[in-house]
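Residue-level structural notes
Each chain is listed here by its residues.
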Amino acid sequence: MKKRKVFRLRYVLMIALGLFIAYNVSHALLTKETATGPSSGETAVTPSPSPVPTANEPEKKPEKSARPDPTPTPDPTRKPDPTPDPTATPDPTPTPQTTKAPQGGGTANTASPIYSISTKNKLVALTFDDGPDLHWTPQVLEVLSKYNAKATFFLVGRQVDKYPDMVKRIVDEGHAVGNHTWSHAQLPKLTPEQAREQMTSTDEALKKVLGKGTYLFRAPYGAVNDNVKAVAAQQGQLIIGWSIDTKDWAGSTPDQIMNNVKQHIHPGSIILQHSFGGKGGDLSNTVEATRRICEYLQAQGYQFVTVPELLAAK
Ligand SMILES: [Zn+2]
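Just so we're clear, the structure is a prediction, and the values are computed from it rather than from any experiment.

1. Digging into the overall build of the protein chain
In terms of helices and strands, the protein chain carries 13 helices and 8 strands. Burial status across the protein chain gives 29% buried among its 314 residues. At a minimum sequence separation of 6, the contacts of the protein chain that also span at least 24 residues come to 80%.

Spelled out as structure tokens, the structure:
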């Protein structure tokens, strides 16, 4: 009986020892896992969020870096830049520079009146100032027409405005027209701005009637000073004087006028008469003198031309 009891005891102890060992081993293993587990778990968690954003950022960054590439597409917008440059260069070159050049080198201070021209050809320019009107101007035109003589009429702007049809008739019959200010002003008494206004308003009136202005200008009373000359040059006006003053405006008789003409005539002469106004508003002597001048000078071999034609004969 004792042997069986000993055997049973040994068997129980061995199982107990085995269980003890198994427990310790397993316990030791468990404590190691719990000790390392959480620490490794935290580190695993922390990095995981950071990779997410970093993963997103790099994605966005490439997107941004891809966008700059498209933004360079505005590079095409830089190409247009050069294109406007060439177009801009030609624009300024033609207009301002060329127009300014003549004005600058212009005759601003050298525009002196032309009194006559030097020519060997027997050419003469008859000129009639202050018109148009509806009484004397037509009578002068009839005489000129009879002798097929061409003349130049220096017109007053306000008369042009009143009698546009007479202005048209003058031009239609082959005569030239010039600017004689708006109100027959004494230009040297005016400011340059006022003198300019006298010229430009008359030129506008002529443009309104004829579709174009004139570059021929005659100062009332022949009165000019440096300011008037400068303004005329700036306006592109040529100042036209005269070499023979018939003094018809003062009431000279046809005989007196003829004596004056015979004495002073030469090829290239410019003769001054009027087609409106005069002493007492009577220009009957002018009409008769014009008839005699045409008769006499044509017999002498002279040809009556307009001022532009005379200037062209220089
Ligand atoms: Zn006048």
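We are not done yet, so read on.
2. Observations regarding the packing of helix α6 (residues 136-146) against helix α12 (residues 284-299)
For any two helices packed against each other, one specifies the inter-axial angle together with the distance between the axes. The N-to-C vectors of α6 and α12 enclose an angle of 15°; their axes lie 9 Å apart at closest approach. In this view, α6 runs roughly parallel relative to α12, as classed from their interaxial angle. α6 and α12 meet at a crossing whose hand is right-handed. Within the contact between the two elements, α6 uses W136, Q139, V140 and V143 and α12 uses V287, T290, R291 and C294. Here the residues of the contact of α6 with α12 sort into 5 nonpolar, 2 polar and 1 charged.

3. Describing the environment of A313
In this fold, A313 is placed in the segment after α13 (307-312). Leaving out residues up to four positions away in the same chain, A313 has contacts with I117, T119, N121 and L123.

4. Details of the nonpolar core
Proteins that are soluble and globular tend to have nonpolar side chains buried together. Residues A125, I239 and I271 are the most contacted members of the largest nonpolar core, which totals 56 residues. When sequence neighbours within four positions are dropped, the list of residues in contact with A125 reads T152, I270, I271, V305, T306, V307 and L310.

5. Notes on the environment of H266
The residue H266 is located in the loop between α11 (254-264) and β7 (269-274) in this model. In this structure, the C-alpha to C-alpha distance between H266 and S116, residues 150 residues apart in sequence, is 9.3 Å.

6. A word on the pairing of strand β1 (residues 123-129)
Of all 7 residues making up β1, 6 are buried, and the element is well covered by its neighbours. Bridge count for β1 against strand β8 (residues 303-304) is 2 bridges, and the pairing is parallel. Counted as the bridge partner of V124 is F304 from β8. Here 6 bridges tie β1 to β7, and the two strands are oriented parallel to one another. Note that in β7 the partner of D129 across the bridge is H274. Pairing of β1 with strand β2 (residues 151-155) involves 4 bridges; the strand directions are parallel. In the strand pairing of β2, F128 is matched with F153. Where the polypeptide runs from β1 across α6 and back to β2, its parallel neighbour, the crossover connection is right-handed.

7. Overview of helix α10 (residues 226-234)
One full turn of an α-helix is made of 3.6 residues, so residues set three or four places apart face in the same direction. Residues of α10 that are buried include every one of V228, K229, V231 and A232, and no others. One side of α10 carries all its buried residues, which in axial view fall inside an arc of 165°. Each element contacted by the buried residues of α10 is listed here: α9 (192-210), β4 (216-217) and β5 (238-239). Of the residues one or two after α10, G236 is the one with positive phi, at around 75°.

8. Let's talk about unusual backbone geometry
Omega for the peptide link from G131 to P132 comes to 0°, which places this bond in the cis form. When you line up the elements, P132 lands in the loop between β1 and α6. With a phi angle near 80°, D130 is a residue other than glycine that sits in the positive phi range. Secondary-structure assignment places D130 in the loop between β1 and α6.

9. As for α12
For α12, spanning 16 residues, the distance from its first C-alpha to its last is 23 Å, which sits close to the expected 22 Å at 1.5 Å a residue. Along α12, the positions that sit buried rather than exposed are N285, T286, A289, T290, I293, C294 and L297. Looking straight down α12, one finds that the buried residues subtend no more than 165° of arc, so they occupy a single side. Facing away from the buried side of α12 by more than 90 degrees, the exposed set consists of S284 and A299.

10. A look at the environment of N259
Topologically, N259 is positioned in helix α11. Taking the number of C-beta atoms within 10 Å as the measure of exposure, N259 has 12 and is therefore exposed. Each C-alpha atom of the pair N259 and T246 lies 9.4 Å from the other, and the pair is 13 residues apart in sequence.

11. Observations regarding the pairing of strand β3 (residues 176-179)
Both faces of β3 are covered, namely the face carrying A176 and G178 and the face carrying V177 and N179. Sheet analysis places β2 next to β3, joined by 4 bridges and oriented parallel. Bridged to F153 within β3 is V177.

12. Structural notes on the confidence of the model for the protein chain
Looking at the protein chain as a whole, the pLDDT averages 76, with 65% of positions reaching at least 70. Note that pLDDT drops below 50 for residues 25-108; the model gives that stretch 6 contacts with residues more than four away or on any other chain.

Rules of the game
- Throughout this document, residue positions are counted from 1 along each chain, in the order its sequence is written.
- Owing to the predicted nature of the model, reporting of local features is limited to residues with pLDDT of at least 70; listing and counting of side-chain atom pairs is limited to 80 or more, with chain, interface and lining totals taken over all residues.
- Strands are runs of DSSP state E lasting at least 2 residues, helices are runs of H or I lasting at least 4, and numbering of each runs from the N terminus.
- In this scheme the burial state of a residue depends on its C-beta neighbours within 10 Å: 20 or more other such atoms mean buried, 12 or fewer mean exposed, and anything in between means partly exposed; the C-beta positions come from the backbone.
- With C-beta atoms placed from the backbone, a contact is any residue pair whose C-beta atoms sit within 7 Å.
- Each axis is a line fitted through C-alpha atoms, taken for helices only over the stretch in contact, and angles between the N-to-C directions span 0 to 180 degrees.
- By the definition adopted for this analysis, an angle is roughly parallel if under 35 degrees, roughly antiparallel if over 145, roughly perpendicular if from 65 to 115, and oblique otherwise.
- By convention the crossing between two helices is left-handed if the near helix lies anticlockwise of the far one by an angle smaller than a right angle, and right-handed if it lies clockwise.
- Residues are sorted three ways: Asp, Glu, Lys and Arg are charged, Ala, Val, Leu, Ile, Met, Phe, Trp, Tyr, Cys and Pro are nonpolar, and all the rest, Gly among them, are polar.
- In this description, a nonpolar core means buried residues of the types Ala, Val, Leu, Ile, Met, Phe, Trp, Tyr and Cys, linked to one another by C-beta atoms lying within 7 Å.
- Two strands qualify as a pair provided that DSSP identifies no fewer than 2 bridges between them.
- Whether a crossover is right-handed depends on one test, that the path from the first strand over the helix to the second runs clockwise when the strands point away from the viewer.
- An arc is given here, and it is the one of the directions from the helix axis to the C-beta atoms.
- For a helix, the expected span equals 1.5 Å multiplied by the number of residues minus one.
- The predictor's confidence in any single residue is recorded as pLDDT, a number from 0 to 100.

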